[in-house]
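The primary structure of each chain is shown beneath.
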Amino acid sequence: STANAAEDDAPNRYSRTERTAYSRYSRDANSSGSSLPSNTLEKRIEELERELAKERQENARLMKMAQDKEELIGKLKEEIDLLNR
């Protein structure tokens, strides 16, 4: 009976959100894949790739800013320690 319980849990391995997203993706791919011309999809992909590149660049800029601020905080803490002595 334990083997049957493990098999019954198999569909629950993925969250409801994951299953819903997958089924929505499958449905969208099946329904819209044939209705949209491939050049429209290619343009959309290129647009999304450009947007992704911009977001990655912005993310890198923000990460650098955060790192610079962390370094400044460390230096200021050291300076405070020196002044307190």
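The protein chain goes by PAWR protein in an unreviewed UniProt entry, where it is assigned to Origma solitaria.

### A few points about the overall build of the protein chain
For the protein chain, the count of helices and strands is three helices and zero strands. Listing every helix and strand of the protein chain by position from the N terminus yields α-α-α. Burial analysis of the protein chain (85 residues in total) assigns 0% to the buried set. Of the accessible surface of the protein chain, which amounts to about 8,300 Å², a share of 53% is contributed by carbon and sulfur atoms.

### Focus on the pattern of salt bridges
If the charged atoms of two oppositely charged side chains come close together, the side chains can form a pair. Per the counting criterion, the structure on display carries three salt bridges. For R44, the salt bridge goes to E47, with nearest N and O atoms at 2.7 Å. Taken as a pair, R44 and E47 lie in helix α3 (residues 38-84) at a separation of three residues, close to a single helical turn. Of the residues examined, E47 reaches a relative accessible area of 38% and is grouped as partly exposed.

Definitions and limits used
Residues numbered from 1 in each chain as written. Predicted model: local features only at pLDDT ≥ 70, side-chain atom pairs only at ≥ 80, totals over all residues. Heavy atoms only, no water. Helix = DSSP H or I, 4+ residues; strand = E, 2+ residues; numbered from the N terminus. Buried < 20%, exposed > 50% of the residue type's maximum accessible area, 1.4 Å probe, protein only. Areas by Shrake-Rupley, 256 points an atom, 1.4 Å probe, with all protein chains shown as cover. Salt bridge = Lys/Arg side-chain N within 4 Å of Asp/Glu carboxyl O.

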